[in-house]
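Structural overview
Here is how the chains run, residue by residue.
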Amino acid sequence: MREFIDVTGKTEDEAISKALAQLGLDRDDVSVEILERAKSGFLGLGSCPAKVRVSYGPEEEEPTAPVQEEQPKKAEPKPRSEKPQQPKVREKEKKEERPAPVQEEKAPAEETAPAVDRGDEVNDEKAQAIRKFLSGLLEQMESPADIHIYQPEKGRYQVILEGKNLGGLIGRRGETLDAIQQLTSYAVNRSGSGRVRVQLDAENYRAKREQSLQHLARKVAAKVTKYRRSVTLEPMNAYERHVIHTALQDVPGVTTYSTGTEPNRRVIVAYDREKK
């Protein structure tokens with residue numbers, strides 16, 4: 001059953017951080033509802049702390065407040081007139097008002113994923129278990145690839161697959177890559193010798209996808225503030241939802257929250273007058 005705790009702090013972010021520290025969870029593992037926004041008062045008088053409700057645990061179909069209309073009403077198409085240019089202009093305006101699906105969004109061509117210094121590869125007990133499982137799985141999938149394992153921090157292993165034609169291992173919107181990552185994580189953690197987090201990447205897909213999501217978040221936020229209407233994005237996994245939440249957490253005029261159950265959980269970007 002879904003559980004929650006209410007936490008206060010000087011700001012909404014401080015209250016959320018306190019709740020995550022208390023629960024020992026990451027931001028993408030919980031849903032956040034702002035109960036009261038922080039008020040500074042005048043000369044310290046009448047100030048009020050922020051209060052948030054952080055929900056966690058197994059997902060259920062949760063009742064949510066009615067979402068505002070997700071896009072402006074489209075103007076009825078007018079009959080063709082003597083001016084041949086007019087219908088094209090109207091069509092362009094309607095396309096600009098329609099929230100674009102996630103898969104159509106691409107990061108600008110000039111943006112490239114920054115090079116990352118991952119340090120030296122590791123070959124401890126967990127790394128050996130990861131390599132052994134992945135080698136067997138990739139052999140069964142007939143998708144040979146070089147496996148490089150790094151440990152950017154304690155308890156987290158970053159696995160990079162290198163080779164030719166790895167598109168099949170990535171899949172549509174990274175679905176195959178996510179499935180392989182989940183299987184690998186389960187395989188190396190079932191021994192009970194300490195749980196670790198496994199992050200799998202190929203052809204720098206994660207960084208490219210993150211840039212694309214950040215670009216989408218900025219574009220949708222601009223539409224939300226312009227039309228003052230909520231926009232519901234397509235279903236995303238926990239990592240992708242976290243990217244959207246993080247990209248817009250400090251953007252004036254918008255707030256984000258998640259709704260629905262896995263694997264159809266979505267991010268809603270809503271207009272927030274108090275955050276202007």
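Reading the values: rules and limits
- Residues numbered from 1 in each chain as written.
- Predicted model: local features only at pLDDT ≥ 70, side-chain atom pairs only at ≥ 80, totals over all residues.
- Heavy atoms only, no water.
- Core = buried A, V, L, I, M, F, W, Y, C linked by side-chain atoms within 4.5 Å.
- Buried < 20%, exposed > 50% of the residue type's maximum accessible area, 1.4 Å probe, protein only.
- Helix = DSSP H or I, 4+ residues; strand = E, 2+ residues; numbered from the N terminus.
- Contact = heavy atoms within 4.5 Å.
- Polar contact = N/O pair within 3.5 Å; in protein donor to acceptor, adjacent residues only side chain to side chain.
- Pairing = 2+ DSSP bridges.
- Axes fitted to C-alpha atoms, helices over the stretch in contact; angles between N-to-C directions.
- 1 Å grid on protein atoms, 1.4 Å probe; cavity = no way out; pocket = protein on both sides within 12 Å on 5 of 7 lines; lining within 4 Å.
- Points joined across faces, edges and corners; volume = space filled by probe spheres on them.
- Nonpolar A, V, L, I, M, F, W, Y, C, P; charged D, E, K, R; others polar.
- Salt bridge = Lys/Arg side-chain N within 4 Å of Asp/Glu carboxyl O.
- pLDDT = per-residue confidence, 0-100.
- Parallel < 35°, antiparallel > 145°, perpendicular 65-115°, else oblique.
- Left-handed = near helix turned anticlockwise from the far one by under 90°.

1. A closer look at the nonpolar core
Among the nonpolar cores identified, the biggest contains 22 residues, and Ile130, Leu134, Ile149, Val159 and Leu161 are the most heavily contacted of them. At the level of elements, α3 (125-140), β4 (146-153), β5 (156-162), α4 (167-170), α5 (175-189) and β6 (197-202) are the ones that each hand at least two residues to this core. With 5 residues, α3 is the largest single contributor of residues to this core. Excluding its chain neighbours within four sequence positions, the residues that come into contact with Leu134 are Ile147, Val159, Leu161, Ile180, Thr184 and Leu200. Val220, Leu233, Val243 and Val269 belong to the second largest nonpolar core, which has 16 residues in total.

2. Some points on helix α7 (residues 238-248)
Restricting attention to buried positions, one finds in α7 the residues Glu240, Arg241, Val243, Ile244, His245 and Leu248. Looking at the buried positions of α7, the neighbouring elements they touch are α6 (205-227), β8 (254-259) and β9 (266-271). For α7, the N-terminal cap is Asn237; the gap from its side-chain oxygen to the backbone nitrogen of Tyr239 is 3.2 Å.

3. Overview of the sheet that holds β6
Judged by pairing direction, the sheet is mixed, and its 3 strands sit side by side in the order β4-β5-β6 without closing on themselves. Every other strand in the sheet has two partners, leaving β4 and β6 as the edge strands with one partner each. Neighbour-to-neighbour, the strand axes of the sheet open up by a mean angle of 25 degrees, direction not taken into account. Alignment of β4 against β5, held across 6 bridges, turns out to be antiparallel. Each residue of the ladder has a partner; that of Tyr150, found in β5, is Gln158.

4. Looking at empty space enclosed by the protein
Empty space among the atoms can be located by rolling a probe the size of a water molecule over them. Scanning the entire structure with this criterion turns up 2 cavities of 30 Å³ or more. One number sums up the size of the second largest cavity: a volume of about 30 Å³. Taken together, Arg173, Asp178, Tyr205, Arg206, Arg209, Asn237, Tyr239 and Glu240 make up the lining of the second largest cavity. Residue assignment for the lining of the second largest cavity shows that the elements contributing at least two residues are α6 and α7. Ranked by residue count, the leading element in the lining of the second largest cavity is α6, at 3 residues. The residue makeup of the lining of the second largest cavity, split by class, is 2 nonpolar, 1 polar and 5 charged.

5. Side note on the sheet that holds strand β3 (residues 50-56)
Reading across from one edge, β1-β3-β2 is the order of the 3 strands in this open sheet, with antiparallel pairing throughout. The open sheet has two edge strands, β1 (3-9) and β2 (31-36), and neither has a second partner. On average, adjacent strands in this sheet sit at an angle of 25 degrees to one another, irrespective of strand direction. Direction of pairing for β2 relative to β3: antiparallel, over a ladder of 5 bridges. Following the sheet pairing, Glu33 is matched in β3 by Arg53.

6. Regarding the pattern of salt bridges
A complete count under the given rule lists 10 salt bridges for this structure. Glu234 is the partner of Arg173 in a salt bridge, and the nearest nitrogen-oxygen pair spans 3.6 Å. With Arg173 in the loop between α4 and α5 and Glu234 in the loop between β7 (231-232) and α7, the pair connects residues that are 61 residues apart, well separated along the chain. By relative accessible area, Arg173 is classed as buried at 17%. For Asp178, the salt bridge identified is with Arg206, shortest N-O distance 2.8 Å. Taken together, the residues Asp178 in helix α5 and Arg206 in helix α6 connect sequence positions 28 residues apart. Because the salt bridges share partners, they merge into one network encompassing Arg173, Arg209, Glu234 and Glu240.

7. Looking at the pairing of β8
Among the 6 residues of β8, 5 are classified as buried, and the element is accordingly described as predominantly covered. Between β8 and β9, which pair antiparallel and follow one another directly, the connecting turn spans 6 residues, one of which, Gly260, has a positive phi of 95 degrees.

8. Remarks on the confidence of the model for the chain
A low pLDDT means the predicted coordinates there should not be read in detail. Chain-level statistics for the chain give a pLDDT mean of 78 and a share of 74% at 70 or above. Note that pLDDT drops below 50 for residues 60-72; the model gives that stretch 31 contacts with residues more than four away or on any other chain. Contacts for the low-pLDDT stretch residues 86-111, under 50 throughout, to residues beyond four places or in other chains number 41 contacts.

9. Examining the packing of α3 against α5
Viewed as axis vectors pointing N to C, α3 and α5 meet at an angle of 130 degrees, and their least axial separation amounts to 9 Å. The angle between α3 and α5 falls in the class oblique. The two elements α3 and α5 cross, and the hand of that crossing is right-handed. Across the interface between the two elements, Lys126, Ala129, Ile130, Phe133, Leu134 and Leu137 from α3 touch Ile180, Leu183, Thr184, Ala187, Val188 and Asn189 from α5. In terms of residue class, the contact of α3 with α5 is made up of 9 nonpolar, 2 polar and 1 charged.

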